Amino acid sequence: MSLTILSKQAFQDFVARILADYRVAGPTSKDGGYIFEEIHDPAELCMDYPTTLLPPKKFLLPTREVLFKYTRQNGGVLKDAPEPPPTVILGVHTCDLHAIQLLDTVFCSGHFDIHYMNRRKKTLIVSIECLNPCDEHSFCKSMGTLTADEGYDLHLTDLGDRYAVDVGTQAGEQLISKYATTKAADKEDIQLLNAVISAKWPKFPYRLDFDVSELPSILELSMKSSLWQELGDRCLACAACTNVCPTCFCFDVKDEVELNLVDGQRVRMWDSCQLDEFATVAGGHNFRASRALRQRHRFMRKGKYILDAHKHLGCVGCGRCARACLVDITPVGVFNELYRQQEAGS
Amino acid sequence: MVAIASYPQTKVYPNTEQDIYLPYFAEIVDIRPMTALEKVFTIELPKGMSLGHRPGQFMEVSVFGIGEAPISISSSPSRSNGTFELCVRKVGDVTTALHNLKPGDKVGLRGPFGRGFPYENFRGKDILFVPGGLGLAPLRSLINQVLDERAHYGRVIILYGARNPGELLFKDELKAWGERDDVELHVTVDRGDETWTGNVGVVTTLFKHISIYPRNTVGITCGPPVMYRFVLMEFFGKGISEGNIYLSLERRMKCGVGKCGHCQINNVYACQSGPVFSYREIKGLEEAL
């Protein structure tokens, strides 16, 4: 870690300067809430935001993207997708930072996904330390995502009239030295930073009734829990939970045809394991036909399957699914109930 | 600047230009109608290309403008000479579009994907094949591979069931297999018709016709989802061990490369770890059967 100081005015200037060379995205206010959005003016940013409706994932894995274009003329020709623009994402909270690290692992290992990788390679992440809990649904402290020691290029901590900037990578170092006017952190800055960080930790509650390291084994022993049927009876299969999730990466692929019926494009879009047709094959057989089994699959993914496969938990405790759910299915509620059932049973 | 510790190197991403989602074009050189619903397509690979597949693997087949679907390879590696075969049932959008194509038309291809049958491990053993319906399509690849290197294997027993005589696939090959001394073929249909003189009943009713030495027998099955647990009971009833039972499972393999999520069986991506599994590998998976 190396530390430097950026005044709030210098931060505005920094954003104004990178806007000339980068697509810049960050938290902005909209209809009483907050979203990640491409900005064109530093004044649009709301760096002190509780949470956003959608995570910044959409800049790395867009809701909809063209994989390639095709034409059926001359025996058929395929054309690659256009190059993504260099991008800076500002104001990423540490929960979302952990989620991006999972996405990096998924798409940049095994069979490499160059569509994701090409965007990721051109994306710089400027994260920001959360100093207050966003609301009653977040449980980042329980999931170990209230802080992050990697995954960012620059990391900001709000010290009132200035930011402490932690440089995470060489790319971050180059960005800040080229576009920002900084000053070295002095003794007073570091004392203030320590005081701010020390004051923040007690404000965040633990919401899980057990240590997160127990989550995979709790889930493994919960395959036959009666809770899944209760969730299935309530679930509307609307897929809001997976649509707002920073770690969900499942997708569908479809062809779109131009009106000339000769040209077209293959498009990838977000999909959801909560939808009825997700595991349905041609001919109509559905391998996960009930909402109960689909809810079980979702929570198993979040707390166990993804961890087993990718060494990162599939849930970062951001609470977005809990906020989005119309029938109050929450990960904190589910995980704690499974723990309670096991304690009662043993 | 206060240097507390040196920051990590900028993250290095794997350097690749290869797009795993980009198909290549290949030409359909022959189409053989098989039943009212199934056709066999012979596809010629671009010059110099070899599919290099293993029986049990599948291809992602594109009809541009309609989409892409996973289809098991029906021909054996032993008979692939720059071409391969797909036996396709007209059941969804892509397969219906495939059925409307003519020889000379092109399709998009990705693959082969997945884990096929470890047939080298079956050498020296008796093999009991139990295909049901369209399940013969992937198993035909393995059956012909085994028959083309027949001396390496013990007995070859095939128990094949279809719903009615009109739905029997590869009838000419069934006839040829039935005429061989070194293949024991039993065929049944769920419902016969006025011309049918053979067995009537579901495929599991054929097990009573055979006796085997289970210690040296590999049991292999593929068919509609409902079939597996009944065939497994027959395998166990004959004394075949869990590790010697192989199943090819159908799932919605959309991407073929372990990303899109549709083919998951609990935590297992069928497109990567399957579609061929030994029973021992999947017996702990709630969602497998």
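Every value quoted in this text rests on a predicted model; they were computed, and no experiment measured them.

**Examining the overall build of chain A**
Step number 1: Of the regular secondary structure elements, chain A holds 12 helices and 12 strands.
Step number 2: At 22 Å, chain A has a C-alpha radius of gyration in line with the 20 Å of a compact globule built from 346 residues.
Step number 3: In terms of principal-axis extent, the alpha carbons of chain A reach across some 70 × 65 × 40 Å.
Step number 4: Sorting the 346 residues of chain A into buried and exposed places 42% on the buried side.
Step number 5: The contacts of chain A with a sequence gap of at least 6 include a subset with a gap of at least 24, amounting to 71%.

**Some thoughts on unusual backbone geometry**
Step number 1: At the junction of B:Gly111 and B:Pro112, the peptide bond is cis and its omega measures out at 5° in the coordinates.
Step number 2: Of note in this structure, A:Asp31 is not a glycine but carries a positive phi near 50°.
Step number 3: Relative to the helices and strands, A:Asp31 is located in the loop between strand 2 (23-30) and strand 3 (33-39).
Step number 4: One non-glycine residue, B:Phe170, lies in the positive phi region at around 50°.
Step number 5: Mapped onto the elements of the fold, B:Phe170 is located in the loop between strand 9 (156-162) and helix 3 (171-179).
Step number 6: Residue classification places B:Phe170 among the buried residues on the basis of 22 C-beta atoms within 10 Å.

**Some points on the domain arrangement of chain B**
Residues and elements named next belong to chain B.
Step number 1: Along its sequence, chain B is carved into domain 1 (24-113) and domain 2 (119-248).
Step number 2: The gap between the C-alpha centroids of domain 1 and domain 2 is 24 Å.
Step number 3: Taken together, the contact pairs 16 residues of domain 1 with 15 residues of domain 2.
Step number 4: Of the residues belonging to the side of domain 1 that touches domain 2, the class tally is six nonpolar, seven polar and three charged.

Conventions we followed
- Residues numbered from 1 in each chain as written.
- Chains lettered and ligands numbered in written order.
- Predicted model: local features only at pLDDT ≥ 70, side-chain atom pairs only at ≥ 80, totals over all residues.
- Helix = DSSP H or I, 4+ residues; strand = E, 2+ residues; numbered from the N terminus.
- Rg over C-alpha atoms; globule rule 2.2 N^0.38 Å.
- Buried ≥ 20, exposed ≤ 12 C-beta atoms within 10 Å, placed from the backbone.
- Contact = placed C-beta atoms within 7 Å.
- Domains from an automatic or database assignment.
- Nonpolar A, V, L, I, M, F, W, Y, C, P; charged D, E, K, R; others polar.

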